[in-house]
Amino acid sequence: RAATPRWPVDDPAIVEAVRNATAGAASPRELVLALLVLLDTRVEAERPPPSSREPRAERALPPEVLARGSGSALERADLLVTLCRAAGLGAHLVAGWRPDVRSPHVWVRVRLGGAGWIPVDPAALWLGTSTRYVPLMASTDGRLPLLHLARPRVRRVPTGG
């Protein structure tokens, strides 16, 4: 839940956004859902150019992403972690793969009391993910040493018979 250089939970714009978005939320689950709605309505997902196979070198901080109203998948995940932590919830970043996505994928795990750590994809408006999500690493401070992951080669192996 602590602030990090990557996730400034005490930034005034972040604090105000959380306060406005979560007014009336009665449970940690409702807090996270309210923050997902905030993310969906205020921060448009930027699509990388089709010719670009490498992620952007720069990665804006969450207050900047919130102010400009758009962000990459990683920037939106950073923002969701920051919003959750500012709301008093434990949250961290997860990087991995989804076989149906042609590039590395990031999502967030949020601590929801007795339910434990729940995966949440900032691109969705629900809690949880499917078995298609394959986590490779988690970051509790926002640092991601594996930003330039190559897509694994997957092929079917014929079975004997």
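Before going into details, it helps to say that this report is about the structure given with it.

Rules behind the numbers
Residues numbered from 1 in each chain as written. Predicted model: local features only at pLDDT ≥ 70, side-chain atom pairs only at ≥ 80, totals over all residues. Heavy atoms only, no water. Helix = DSSP H or I, 4+ residues; strand = E, 2+ residues; numbered from the N terminus. Expected span 1.5 Å × (residues − 1). Buried < 20%, exposed > 50% of the residue type's maximum accessible area, 1.4 Å probe, protein only. Core = buried A, V, L, I, M, F, W, Y, C linked by side-chain atoms within 4.5 Å. Pairing = 2+ DSSP bridges.

## Observations regarding helix H4 (residues 73-86)
Side chains that are three or four residues apart share a direction in an α-helix, a result of its 3.6 residues per turn. Helix length check: H4 (14 residues) gives 20 Å between terminal C-alpha atoms against 20 Å at 1.5 Å per residue, within 8%. Within H4, 12 of the 14 residues are buried, leaving the element largely enclosed by the surrounding structure. Three or more residues of H4 are buried, namely Leu74, Glu75, Arg76, Ala77, Asp78, Leu79, Leu80, Val81, Thr82, Leu83, Cys84 and Arg85. Positive phi shows up at Gly88, right after H4, with a value of about 95°.

## Considerations on the nonpolar core
Of all hydrophobic cores here, the largest spans 34 residues; its most connected members are Val32, Leu79, Leu80, Val110 and Val120. Of all the elements in the fold, those that place two or more residues in this core are helix H1 (12-22), helix H2 (28-42), helix H3 (62-68), H4, strand S3 (91-97), strand S4 (105-111) and strand S5 (117-120). A per-element tally of this core places H4 first, with seven residues.

## Some thoughts on the pairing of S4
The side chains of a regular strand alternate between both faces of the sheet. Among the seven residues in S4, five count as buried, and that is most of the element. Two strands pair when backbone bridges link them, and S3 and S4 are joined in this way by six bridges, in the antiparallel orientation. Within the sheet, the bridge partner assigned to Leu93 lies in S4 and is Val108. Relative to S5, S4 runs antiparallel, the two sharing four bridges. Counted as the bridge partner of Arg109 is Pro119 from S5. Once S4 ends, the chain turns through five residues before running back antiparallel as S5, passing Gly113 with a positive phi of about 50°.

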